[in-house]
Amino acid sequence: MPPIPRLLVTALRAYARYAPPALASAPLIRYLDQELARRPRTTITRTRDGDLVAVTTNDLIQRFLYLHGVWEPHLTAWIRGRLGPGDTFIDVGAHTGYYTLLGSRLVGPAGQVVAVEASPDFHSRLDQAVQRNACHNVRTVNVAAADTARTLTLYLQDETNLGNTSAVPPRTSHSSFEVEARPLPEILSTGELAAARLIKIDVEGAEACLMEGLAPALGDLRADVELVIEVTPRSLAKQGQSVHDVLGPLRACGFHTYRIPNHYDPTSYPRAVRRPASPVRWEGPVNDMTDLIFSRIDSDELE
């Protein structure tokens, strides 16, 4: 398949981003997605929220940011409605900083963001993103959140999906590295933990270990705190753990469980951006990787 001229890619990307959902062409979006994966583009792009991010489009997350200007549109929209000026946002597994930058903008100069990222490479890119966007309310920490203080080995399974860096050994890995790990209450200051309005946790299979380290401090969190946790049943099972190890401590502290949609089909983004779904109460099994929200609000839906 011949390459698309760069200027044409830029024009088609603008159409894919901003055309009404009824006019957005699924074949065009899929073709652009495949083109950007096959022939990567390295550049600085601006998200829909106005943040400047460095991208290389052979990586899934970075490609979607370049193409759509947003990552996980349902969750992004919900976080926009949850964080406000003066709030504290904890971003665990911050990767290269998409949610950190979003949170920094939302909480403003009077708020604070703590971005925890285990990978030294991602942490370096995270720091660059924070500096590029002049986010003076962000503190970054290069450490893994776990159950106890120890050294962890992390594995990068696929260089085209940098977000899939995990402590669970894959069948084959692109690279591995050792990192310092500590319980989240030891990573955060007492004030940061007590002030947290929203805690986002995306640690690729380490969520049960993280929850074991966080559980003793759940009672110290503010009454309206909410947590967003990506739960990965298969990765948990490989470690002899289960989804209950994540949900159990939270439910014991009065948190209700909600599920928010998350699709990785690029053609789903135009409609999701314009009509994001709210989290709905979830009481069924969790069999696949799922984004769950935990709130003390008792409702059928989190508006």
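Note that the structure is predicted; figures quoted are calculated from it, not measured. (Residues numbered from 1 in each chain as written. Predicted model: local features only at pLDDT ≥ 70, side-chain atom pairs only at ≥ 80, totals over all residues. Heavy atoms only, no water.)

I'd like a rundown of the sheet that holds strand 5 (residues 138-141), residues and numbers included.
Within a sheet, each strand pairs with its neighbour through backbone hydrogen bonds, oriented either parallel or antiparallel. Ordered in space as 5-4-3-10-11-14-12-13, the eight strands form an open sheet in which the pairing is mixed. At either end of the open sheet lies a strand with only one pairing partner, and these are strand 5 and strand 13 (280-281). By the bridge criterion, five bridges tie strand 12 (residues 256-260) to strand 14 (residues 290-295) in an arrangement that is antiparallel. Its bridge partner being in strand 14, arginine 259 is matched across the sheet by leucine 292. Strands strand 10 (196-201), strand 11 (226-231), strand 12 and strand 14 of the sheet are contacted by helix 4 (residues 73-82), whose axis makes an angle of about 165 degrees with strand 10. Its contacts with the sheet put helix 9 (residues 207-214) on strand 3 (88-92), strand 10 and strand 11, and the angle it makes with strand 11 is roughly 150 degrees. (Pairing = 2+ DSSP bridges. Helix = DSSP H or I, 4+ residues; strand = E, 2+ residues; numbered from the N terminus. Contact = heavy atoms within 4.5 Å. Axes fitted to C-alpha atoms, helices over the stretch in contact; angles between N-to-C directions.)

So what about the nonpolar core? Which residues, and what values?
Ranked by internal contacts, the top residues of the largest apolar core, which has 44 residues, are Trp71, Trp78, Ile79 and Tyr99. Beyond its immediate stretch of four places on either side in the chain, tryptophan 78 contacts Leu198, Glu226, Val228, Ile260, Pro279, Ile293, Leu302 and Glu303. Counting residues in hydrophobic clusters, the runner-up holds 36 residues, among them Ala196, Leu210, Leu218 and Val246. (Core = buried A, V, L, I, M, F, W, Y, C linked by side-chain atoms within 4.5 Å. Buried < 20%, exposed > 50% of the residue type's maximum accessible area, 1.4 Å probe, protein only.)

Hey, could you go over the environment of valine 273 for me, with residue numbers and the actual values?
If you trace the backbone, valine 273 turns up in helix 12 (residues 269-274). A C-alpha to C-alpha distance of 8.9 Å links valine 273 and histidine 68, two positions 205 residues apart in sequence. Here valine 273 is in contact with Arg48, Val70 and Pro73, once residues within four sequence places are set aside.

Got a sec to walk through the packing of helix 4 against helix 5 (residues 98-107)? Specific residues and values, please.
Relative orientation of the contacting elements helix 4 and helix 5 amounts to 25 degrees, with a least axis distance of 10 Å. One finds that helix 4 runs roughly parallel with respect to helix 5. The handedness of the crossing between helix 4 and helix 5 is right-handed. Each of Leu75, Thr76, Ile79 and Arg80 in helix 4 lies in contact with helix 5, whose residues at this interface are Tyr98, Tyr99, Leu102 and Leu106. Partitioned by chemical class, the residues of the contact of helix 4 with helix 5 number six nonpolar, one polar and one charged. (Parallel < 35°, antiparallel > 145°, perpendicular 65-115°, else oblique. Left-handed = near helix turned anticlockwise from the far one by under 90°. Nonpolar A, V, L, I, M, F, W, Y, C, P; charged D, E, K, R; others polar.)

With reference to specific residues and values, describe the pairing of strand 14.
Taking burial as the measure, the six residues of strand 14 include six buried ones, the bulk of the element. Side chains Thr290, Leu292 and Phe294 project from strand 14 onto one buried face, and the interleaved Asp291, Ile293 and Ser295 project onto a second face that is buried too. The sheet contact formed by strand 11 and strand 14 spans five bridges and is antiparallel. Within strand 14, the residue paired with valine 228 across the bridge is isoleucine 293.

An account of the packing of helix 9 against helix 11 (residues 244-252) is requested, with residue identities and associated values reported.
The interhelical angle for the contact between helix 9 and helix 11, taken along N-to-C directions, is 30 degrees, at an axis separation of 8 Å. As summarised for this structure, helix 9 and helix 11 are arranged roughly parallel, according to the angle between their axes. Our pair here, helix 9 against helix 11, has a crossing hand that is left-handed. Taken together, the residues of helix 11 that come into contact with helix 9 (itself represented by Glu207, Ala208 and Met211) are Asp245, Val246, Pro249 and Leu250. Classifying every residue of the contact of helix 9 with helix 11 gives five nonpolar, no polar and two charged.

Residue-level account of the environment of alanine 94, with values.
Tracing the sequence through the fold places alanine 94 in the loop between strand 3 and helix 5. Separated by 183 residues in the primary sequence, alanine 94 and alanine 277 place their C-alpha atoms 23 Å from one another. When residues no more than four places from it in sequence are discounted, the contact partners of alanine 94 are Thr100, Ala115, Val116, Glu117 and Leu126.

Help me get a handle on helix 3 (residues 60-68), residues and values and all.
Most of helix 3 sits out of view: nine of its nine residues are buried. Along helix 3, the residues that are buried comprise Leu60, Ile61, Gln62, Arg63, Phe64, Leu65, Tyr66, Leu67 and His68. Following helix 3 by one or two positions, glycine 69 has its phi on the positive side, about 75 degrees.

Go over the pairing of strand 3, please, and point to the residues and values.
Counted residue by residue, strand 3 has five buried out of five residues, so it is predominantly covered. In strand 3, alternate side chains face the same way, and those of Thr88, Ile90 and Val92 on one face and Phe89 and Asp91 on the other are all buried. As paired elements, strand 3 and strand 4 (residues 112-116) share five bridges and run parallel to each other. Following the sheet pairing, valine 92 is matched in strand 4 by valine 116. After leaving strand 3, the chain enters helix 5 and then returns to the sheet as strand 4, a path that is right-handed. Sheet topology note: the strand 3/strand 10 ladder contains five bridges and is parallel. (Right-handed = clockwise from strand over helix to strand, strands pointing away.)

I'd like a description of the packing of aromatic side chains, backed by residues and values.
According to the stated counting rule, one finds four aromatic pairs in the structure shown. With centroids separated by 5.0 Å and ring planes inclined at 90 degrees, the aromatic side chains of phenylalanine 64 and tyrosine 269 adopt a geometry described as edge-to-face. Placement of phenylalanine 64 in helix 3 and of tyrosine 269 in helix 12 is noted, with a sequence separation of 205 residues between them. The two residues phenylalanine 64 and tyrosine 269 agree in class, both being buried. Joined through ring pairs, the aromatic side chains of Phe64, Trp71, Tyr264 and Tyr269 make up one cluster. Stacked on the ring of tyrosine 66, the Lys or Arg arginine 13 has its end atom at 4.2 Å from the ring centre. Taking NZ or CZ as reference, arginine 259 lies 5.4 Å from the ring centre of tryptophan 282, over its face. (Phe/Tyr/Trp six-rings, centres within 6.5 Å; stacked < 30°, edge-to-face > 60°. Lys NZ or Arg CZ within 6 Å of the ring centre and 35° of its normal.)

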